[in-house]
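# A look at the structure
If you want the building blocks of each chain, they are given just below.
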Amino acid sequence: MPQPSMFNHMMTRRRFIISSMAAIGGLATVSACSPEKNPGSYMDVASGIWRHGKVEAGNRSAVLRELVRYATLAPSSHNTQCWKFRIDDRSISIFPDFSRRCPVVDPDDHHLFVSIGCAMENLIQAASANGLDGNAVFDPSSRGNVRVSLEPTNAVVTPLFKAIPERQSTRAEYDRKPISMNELAMLEREGTGKGVRIIFLTERAAMESLLDYVVQGNTAQMNDSAFVEELKAWIRFSESDAVRRGDGLYSASSGNPSVPSWLGSLLFGLFFTEKNENDKYAKQVRSSAGIAVFVSEGENPEQWIEVGRCYERFALQCTALGIRNAMLNQPVEVAALRPQFGAFLGIGEHRPDLVVRFGRGSGLPQSLRRPVEDVLA
Ligand SMILES: Cc1cc2nc3c(=O)[nH]c(=O)nc-3n(C[C@H](O)[C@H](O)[C@H](O)COP(=O)(O)O)c2cc1C
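Scope of this entry: the structure provided in the associated data block. (Residues numbered from 1 in each chain as written. Predicted model: local features only at pLDDT ≥ 70, side-chain atom pairs only at ≥ 80, totals over all residues. Heavy atoms only, no water.)

### Section: the environment of Asp133
Using the following cut-off: For helices the rule is a DSSP run of H or I covering at least 4 residues; for strands it is a run of E covering at least 2, with both sets numbered from the N terminus onward. Two residues qualify as a contact provided that any one of their heavy atoms is within 4.5 Å of a heavy atom in the partner residue. As used in this structure description, the phrase polar contact means that two N or O atoms lie within 3.5 Å; if the pair is within protein, one of them must be able to donate a hydrogen and the other to accept it, and residues adjacent in sequence are counted only when both atoms belong to side chains.
Note that Asp133 resides in strand 3 (residues 132-138). For the pair Asp133 and Val148, spaced 15 residues apart in sequence, the C-alpha separation works out to 9.3 Å. Apart from residues no more than four positions distant in its own chain, Asp133 is found in contact with Ser149, Leu150, Glu151 and Thr153. Among the polar contacts listed, one links the side chain of Asp133 to the side chain of Asn135, at a separation of 3.4 Å.

Now the structure itself:
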């Protein structure tokens with residue numbers, strides 16, 4: 001799914017925007033008239049979300065609630081946070097929240113279940129840090145409900161757990177420098193699981209070929225008005241909108257300025273173009289150290305949840321090593337392109353699940369989350 005770069009062109013088009021703003025009354029007037037209430041600055045809210053928690057070890061209900069909070073810090077497609085949790089005495093169940101599905105970009109709910117797997121991995125890492133051994137049990141009578149049983153064990157605080165509050169999907173350009181073989185091996189180890197493996201592309205020629213698939217996929221998505229409308233509905237153009245909703249794709253987290261929602265909507269129509277997006281992806285791929293493609297053996301929710309767990313460990317291991325990562329999933333999202341992409345990778349009938357670029361560079365503002373109360377079933 002593309003994350004729009006329409007504002008990347010704002011600096012060169014600043015004069016246009018300033019004169020547009022003047023024509024409609026100026027920024028100060030716009031802000032004063034905005035009906036949106038600002039319930040707290042974005043950075044304050046974000047720092048309340050992205051932190052390690054302190055709970056009394058003996059207070060079981062507080063510990064279990066804290067595990068849910070860690071789970072919600074996981075990535076999810078379009079930041080939909082498509083999950084619900086039920087806390088029981090010795091387990092936490094995770095259910096898909098189908099009211100938050102994205103039928104256009106994700107018609108078979110692949111990304112939805114990958115997102116659930118990411119949340120489950122955070123929960124299990126946090127359980128281990130709190131002296132609980134988490135084991136997932138799938139409910140065969142449901143579509144993707146999972147119960148994570150939690151049994152007392154010795155607490156193990158892993159580097160992956162420590163990295164949870166620092167992780168982000170960093171949609172910026174990186175520094176293009178390679179990462180070491182040792183680091184690649186660590187990423188491969190964490191990103192591999194039951195029926196899930198990683199194919200790395202680190203040679204420049206292979207990365208250029210990959211870029212061709214990203215551009216083809218992006219072009220198809222940009223020409224699909226249903227796709228564009230669905231994406232736009234999840235963009236939070238302004239700080240106050242992002243804070244009020246606590247979900248979705250906040251402009252600044254994609255490297256774009258935060259502007260009032262009405263203006264963002266207008267600029268989206270002007271700058272979110274096929275060419276701008278394809279140029280952005282070319283720069284992003286060329287600035288990366290490499291690309292990791294996650295490939296799995298099965299096509300069912302249980303397998304996709306495992307893909308999510310593997311990706312989340314990969315992302316946390318990246319974070320622990322000071323390596324950034326972000327997805328570029330167009331080649332796996334456009335169903336007509338997926339088999340050709342699979343043939344390029346040489347994976348036979350297996351499904352390419354996720355395309356992830358990685359490298360070193362600066363971060364962007366972290367995305368927000370809804371409060372724990374909102375995700376409890
Ligand atoms: C299954 C899945 C698919 C995603 N696809 C993309 C993508 O194609 N492009 C992208 O920029 N981000 C993608 N993301 C990242 C989400 O947009 C991101 O996790 C979310 O906005 C929350 O931000 P955070 O990861 O920084 O916490 C994906 C995440 C998941 C779990």
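### As for unusual backbone geometry
Both trends apply: most residues other than glycine have a negative phi, and most peptide bonds are in trans. We count it as follows: Any residue under 20% of the maximum accessible area for its type is buried, any over 50% is exposed, and the rest in between are partly exposed; the area is computed with a 1.4 Å probe on protein chains only.
Here His78, not a glycine, exhibits a phi torsion of approximately 60 degrees, which is positive. Turning to its location among the elements, His78 is positioned in the loop between helix 4 (60-72) and strand 1 (83-87). Using a relative accessible area of 0% as the deciding quantity, one classes His78 as buried. Positive phi, normally seen in glycine, also occurs at Gln81, with a value near 55 degrees. Structurally, Gln81 can be placed in the loop between helix 4 and strand 1. Judged by relative accessible area, Gln81 falls into the buried class, the value being 0%.

### Some remarks on the environment of Asp212
Along the chain, the position of Asp212 falls in helix 8 (residues 204-222). Judged by relative accessible area, which is 48%, Asp212 ranks as partly exposed. Considering only alpha carbons, one finds Asp212 and Asn278, 66 residues apart in sequence, at a separation of 9.7 Å.

### Considering the sheet that holds strand 10 (residues 351-359)
Test applied: When DSSP finds at least two bridges between two strands, those strands are taken to pair. The axes used here are C-alpha line fits, helices contributing only the stretch in contact, and every angle between their N-to-C directions lies in the interval 0 to 180 degrees.
Overall, antiparallel pairing links the four strands, which are arranged 5-8-10-9 in an open sheet. Looking along the sheet, the strands with just one partner apiece sit at the ends: strand 5 (196-201) and strand 9 (324-327). Direction aside, neighbouring strands of the sheet carry axes that sit 30 degrees apart on average. Pairing of strand 9 with strand 10, which is carried by four bridges, proceeds in the antiparallel orientation. By the bridge assignment, Asn325 is partnered in strand 10 with Phe358. Along the sheet, helix 15 (residues 338-345) contacts strand 5, strand 8 (290-296) and strand 10; its crossing angle with strand 10, the most-contacted strand, is approximately 65 degrees.

### Considerations on the nonpolar core
Rule in force here: To form a nonpolar core, buried Ala, Val, Leu, Ile, Met, Phe, Trp, Tyr and Cys residues must be joined to one another through side-chain atoms within 4.5 Å.
Judged by nonpolar contacts, the single largest core of 65 residues is most densely connected at Leu67, Phe85, Leu123, Leu150, Phe294 and Phe314. In terms of residue count, helix 5 (residues 110-129) provides more of this core than any other element does, twelve residues in total. Residues contacting Leu123, with those up to four places away along its chain left out, are Leu67, Ala71, Phe85, Ile92, Ile94, Val148 and Leu150. Among the nonpolar cores identified, the runner-up in size contains 21 residues, and Met207, Leu337, Leu345 and Val355 belong to it.

### Concerning the sheet that holds strand 1
If you trace the four strands from one edge of the open sheet to the other, you get 1-2-4-3, paired in antiparallel fashion. Of all the strands in the sheet, the pair left with one neighbour each is strand 1 and strand 3. For this sheet, the mean inter-axis angle between neighbouring strands, taken without regard to orientation, is 20 degrees. In the packing of helix 4 onto the sheet, the strands contacted are strand 1, strand 2 (91-96), strand 3 and strand 4 (146-152), and the crossing angle to strand 1 comes to about 170 degrees.

### Topic: the pattern of salt bridges
Note the following rule: A side-chain nitrogen of Lys or Arg and a carboxyl oxygen of Asp or Glu constitute a salt bridge if their distance falls within 4 Å.
As enumerated under the stated definition, the model contains 20 salt bridges in all. Residue Glu373 pairs with Arg65 through a salt bridge whose shortest N-O separation is 2.8 Å. Taken together, the residues span a long stretch of sequence, with Glu373 in the segment after strand 10 and Arg65 in helix 4 at a distance of 308 residues. Across the pair Arg69 and Glu66 runs a salt bridge whose closest N-O atoms are separated by 2.8 Å. Of the two residues, Arg69 and Glu66 are both situated in helix 4; the distance of three residues between them amounts to about one turn of the helix. The class for Arg69 is buried, based on a relative accessible area of 9%.

### Overview of the side chain of Ser253
As for its placement among the helices and strands, Ser253 is situated in the loop between strand 7 (249-250) and helix 11 (261-271). According to the relative accessible area criterion, Ser253 is buried, its value standing at 7%. Discounting chain neighbours no more than four positions away, the residues touching Ser253 are Tyr42, Arg171, Leu364, Pro365, Gln366 and Ser367.

### Describing the packing of helix 4 against helix 5
Operational definition: Angles are sorted into four bins: roughly parallel if under 35 degrees, roughly antiparallel if over 145, roughly perpendicular if 65 to 115, and oblique for all others. What makes a crossing left-handed is the near helix being turned counterclockwise from the far one by less than a right angle; a clockwise turn instead makes it right-handed. Any residue outside Ala, Val, Leu, Ile, Met, Phe, Trp, Tyr, Cys, Pro, Asp, Glu, Lys and Arg is labelled polar, Gly included; the first ten of those are nonpolar and the last four are charged.
Running from N to C, helix 4 and helix 5 cross one another at 140 degrees; their axes reach a closest spacing of 7 Å. The orientation of helix 4 with respect to helix 5, classified from their angle, is oblique. Between helix 4 and helix 5 lies a crossing whose hand is right-handed. Taken together, the residues of helix 5 that come into contact with helix 4 (itself represented by Leu67, Tyr70 and Ala71) are Ala119, Asn122, Leu123, Ala126 and Ala127. When its residues are assigned to classes, the contact of helix 4 with helix 5 shows seven nonpolar, one polar and no charged.

### Quick look at the packing of helix 8 against helix 15
At a minimum axis separation of 11 Å, helix 8 and helix 15 run at an interaxial angle of 175 degrees. On the basis of the axis angle, helix 8 is roughly antiparallel to helix 15. Here Ala206, Ser209, Leu210, Tyr213 and Gln216 of helix 8 lie close against helix 15, whose contacting residues are Gln340, Phe341 and Phe344. By residue class, the composition of the contact of helix 8 with helix 15 is five nonpolar, three polar and no charged.

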